[in-house]
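Residue-level listing of the chains:
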Amino acid sequence: MSLHAWVVTGGELPEPRMLGELVHPQLVVAADSGADIALGLGLRVDVVVGDFDSVTPAGAAAAGEQRRFPTDKDATDLALALAEARDRGAESLSVVGGSGGRLDHLLANVAVLAGDELASVRVDALMGSARLWVVRRRETIRGAVGGHVTLLAHGGPATGVCTTGLRWALSGETLEPGSSRGVSNMFDAPEATVTLRCGVLLAIRV
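Residues numbered from 1 in each chain as written. Predicted model: local features only at pLDDT ≥ 70, side-chain atom pairs only at ≥ 80, totals over all residues. Heavy atoms only, no water.

**Student:** So what's going on with the pattern of salt bridges? Residues and values would help.
**Tutor:** Applying the stated criterion across every chain yields a total of 17 salt bridges. As a salt-bridge pair, Glu84 and Arg88 come within 2.7 Å of each other at their nearest N and O atoms. Owing to a relative accessible area of 8%, Glu84 belongs among the buried residues under this scheme. With relative accessibility at 31%, the residue Arg88 sits in the partly exposed group. For Glu139, the salt bridge identified is with Arg122, shortest N-O distance 2.8 Å. Here Arg122 lies in strand E6 (residues 122-127) and Glu139 lies in strand E8 (residues 138-142), a separation of 17 residues in the sequence. Residue classification places Glu139 among the buried residues on the basis of a relative accessible area of 7%. For Arg122, a relative accessible area of 33% corresponds to the partly exposed category. (Salt bridge = Lys/Arg side-chain N within 4 Å of Asp/Glu carboxyl O. Buried < 20%, exposed > 50% of the residue type's maximum accessible area, 1.4 Å probe, protein only. Helix = DSSP H or I, 4+ residues; strand = E, 2+ residues; numbered from the N terminus.)

Here it is, written out as structure tokens:
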């Protein structure tokens with residue numbers, strides 16, 4: 001059985017009803033104040049990672065382990081927590097939180113999820129009311145019929161993109177970074193598939 005991790009970070013809390021969509025974790029890693037959010041969700045945190053500038057003493061103390069980094073560092077707390085989960089053997093992970101607050105943090109968080117450092121890991125996320133999947137080869141995404149989902153190329157062209165279960169189907173198409181072509185597609189079924197030959201896609205249900 002592959003190891004699935006939750007990485008809980010700060011920002012806007014996800015809607016509680018959406019947590020049931022995620023695979024249950026065998027490992028919970030908190031990024032700094034994500035430890036407090038995890039406690040509020042009733043989770044047991046295995047390790048909290050970061051510079052500890054925003055986590056409460058109670059949140060830090062409740063974690064099984066603490067990994068402290070200096071405030072002056074070259075990676076965000078979320079990036080460090082994601083690397084921790086990967087290095088502990090996670091083959092898939094779900095990020096909980098990370099939206100709200102500063103736009104630069106939100107953009108950096110999404111970029112980290114789709115970056116090369118996590119190329120070997122299946123990644124999805126709950127960010128506020130949004131659900132995000134990083135698609136590297138094939139992914140099954142779920143949503144209400146008529147609900148919106150956007151497909152965005154990340155870091156370069158996404159080629160050979162095919163979809164099923166979406167109103168405007170793609171069949172071997174190329175989506176370019178910076179293009180709005182994949183914005184606001186819609187679910188035609190509760191379950192859809194997205195595949196691609198090369199590149200990285202972000203599938204974002206809003």
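**Student:** Go over the pairing of strand E1 (residues 4-8), please, and point to the residues and values.
**Tutor:** In terms of residue burial, E1 counts as a mostly covered element, since five of its five residues are buried. A two-sided burial pattern is seen for E1, the buried positions comprising His4, Trp6 and Val8 on one face and Ala5 and Val7 on the other. Pairing between E1 and strand E5 (residues 92-96): five bridges, direction parallel. In the sheet register, Trp6 faces E5, and the bridge partner there is Ser94. The pairing of E1 with strand E2 (residues 27-31) spans four bridges and is classified as parallel. Following the sheet pairing, Val7 is matched in E2 by Val29. (Pairing = 2+ DSSP bridges.)

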